[in-house]
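# Chains, contacts and geometry: an overview
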Amino acid sequence: MGIVNVTPDSFSDGGAYLRPEAAIAHGLALAAAGADILDIGGESTRPGAAAVSAEEELRRVLPVIEGLVAAGTTCQVSIDTSKAEVAERALMAGATMVNDVTALGDPELATVCAEAEASLVLMHMQGTPRTMQEDPTYDDVVSEVRDHLAERVGSATSAGVPEEMILIDPGIGFGKTVEHNLELIDRLGELREIGRPVVVGASRKRFIGAITGREVGDRLGGSIAAAVLALARGADVLRVHDVGATRDAVLVAEAILGRREWREPDSVAR
Ligand code: HH2
């Protein structure tokens, strides 16, 4: 899943793709680099980010979704929003997935997904983006995240979203300390007990900076390590900024794990 942030203030690439043409070109480049899904977001969720109105979010994301669809992208288009109104319009414009970091903070969003027969990503967050990093506390982060997500899957299905359309996400960095993030990735397999595909978004996040001492624009190596380990522990979808490099890492990791067929080239150059 390649990230297309149409925002002035996203933590790693805020402002880079605010113009629709720039965001569309970026999305098509991520598709060419091997993305299967493009996740279009018009509101930053970084700690302390300012809230954005539905009108402003729509003004940012709709031209980008329309442009990607008009360009004939073969990627599934995902709208990264927690507002039912934004999701509804995005699905009408051609998106087929809703990525909700609040896991139905707006309950209407489930109805919108059910009616449009859209996929729905439910992400775990402790607190709100404004406050979530103040003092994240858990007895056992993995079982608490698992129980919360299982309960949210139940809410979505009660609202009419078929279970097979739902994906779950532990919400790396959303109300979690460095230690919580590491434990969630290491014990990701426990989230698979819910029986739904697992999405992991670790790309460029602060815990990688905390470990490596690298600034946000220089976290590719750490992001790839997190992506590959998440994959090995059972992630089904990796939400990343750097699609090309991550895809190569995933192909090699899957071959080593015996999950991917590959063929010896006629002549092997080392
Ligand atoms: N992380 C971010 C945003 N949306 N969605 C899911 N499902 N999982 C995540 O881990 C996730 C997410 C934050 O990253 P980014 O979009 O790059 O930054 P910002 O929120 O500042 O726009």
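See the structure above.
Scope of this entry: the structure provided in the associated data block.

About the criteria used
- Here the residue index of a chain counts from 1 through its sequence in written order.
- Confidence filtering applies because this is a predicted model: local features only for residues at pLDDT of at least 70, side-chain atom pairs given and counted only at 80 or more, and all residues used for totals across whole chains, interfaces and linings.
- Hydrogens and waters are ignored; side-chain quantities use all the structure's heavy atoms.
- Any residue with a heavy atom lying within 4 Å of a molecule or strand is counted as near it.
- A 3.5 Å cut-off defines polar contacts: any pair of N or O atoms within that distance qualifies, except that in protein one atom must be a possible hydrogen donor and the other a possible acceptor, and neighbouring residues in sequence count only when both atoms are side-chain atoms.
- With residues, only the protein chains shown are counted as cover, and all accessible areas are computed by Shrake-Rupley using a 1.4 Å probe.
- Three categories are distinguished: nonpolar for Ala, Val, Leu, Ile, Met, Phe, Trp, Tyr, Cys and Pro, charged for Asp, Glu, Lys and Arg, and polar for the others, with Gly belonging to the last.
- Fitted lines through C-alpha atoms serve as axes, helices being fitted only where they are in contact, and the angles separating the N-to-C directions of these axes extend from 0 to 180 degrees.
- Strands here are runs of E lasting at least two residues and helices are runs of H or I lasting at least four, both read from the DSSP assignment and numbered beginning at the N terminus.
- We call a crossing left-handed when the near helix sits turned anticlockwise from the far one by less than a right angle, and right-handed when that turn is clockwise.
- When checking whether two residues touch, look at their non-hydrogen atoms; a contact exists if any pair is within 4.5 Å.
- A pair is scored as a salt bridge if a Lys or Arg side-chain nitrogen falls within 4 Å of a carboxyl oxygen belonging to Asp or Glu.
- Partly exposed residues are those whose accessible area sits between 20% and 50% of the maximum for their type, while under 20% is buried and over 50% is exposed, using a 1.4 Å probe and protein chains only.

### A short note on the site of the ligand
In the vicinity of the ligand lie 17 residues, with Ser-10, Ser-44, Thr-45, Asp-169 and Lys-205 positioned nearest. In this structure, a nitrogen atom belonging to the ligand sits 3.2 Å away from a side-chain N or O atom of Asp-80. The side chain of Asn-99 places a nitrogen or oxygen atom 2.8 Å from a nitrogen atom of the ligand. In isolation the ligand exposes 480 Å². Once the protein is present, 98% of that is buried. Among the residues making up the shell around the ligand, the classes are represented as five nonpolar, seven polar and five charged.

### A short note on the packing of helix H8 (residues 220–232) against helix H9 (residues 243–256)
When two helices pack together, their arrangement is given by the angle between the helix axes and by the axis-to-axis distance. Close contact between H8 and H9 brings their axes to 10 Å; oriented N to C, the two are set at 40 degrees. For the crossing formed where H8 meets H9, the hand is right-handed. On H9, the residues touching Leu-220, Ile-224, Ala-227, Val-228 and Leu-231 of H8 are Ala-245, Thr-246, Ala-249, Val-250, Ala-253 and Glu-254. Its residues assigned to classes, the contact of H8 with H9 shows nine nonpolar, one polar and one charged.

### Details of the pattern of salt bridges
One pass over the full model with this rule turns up 19 salt bridges. Between Arg-46 and Asp-9 there is a salt bridge, and its shortest N-O distance comes to 3.9 Å. Here the residue Arg-46 occupies a position in the loop between strand S2 (37–41) and helix H2 (54–70), and Asp-9 occupies one in the loop between strand S1 (2–5) and helix H1 (20–32), the gap between them amounting to 37 residues. Classification of Asp-9 as buried rests on a relative accessible area of 18%.

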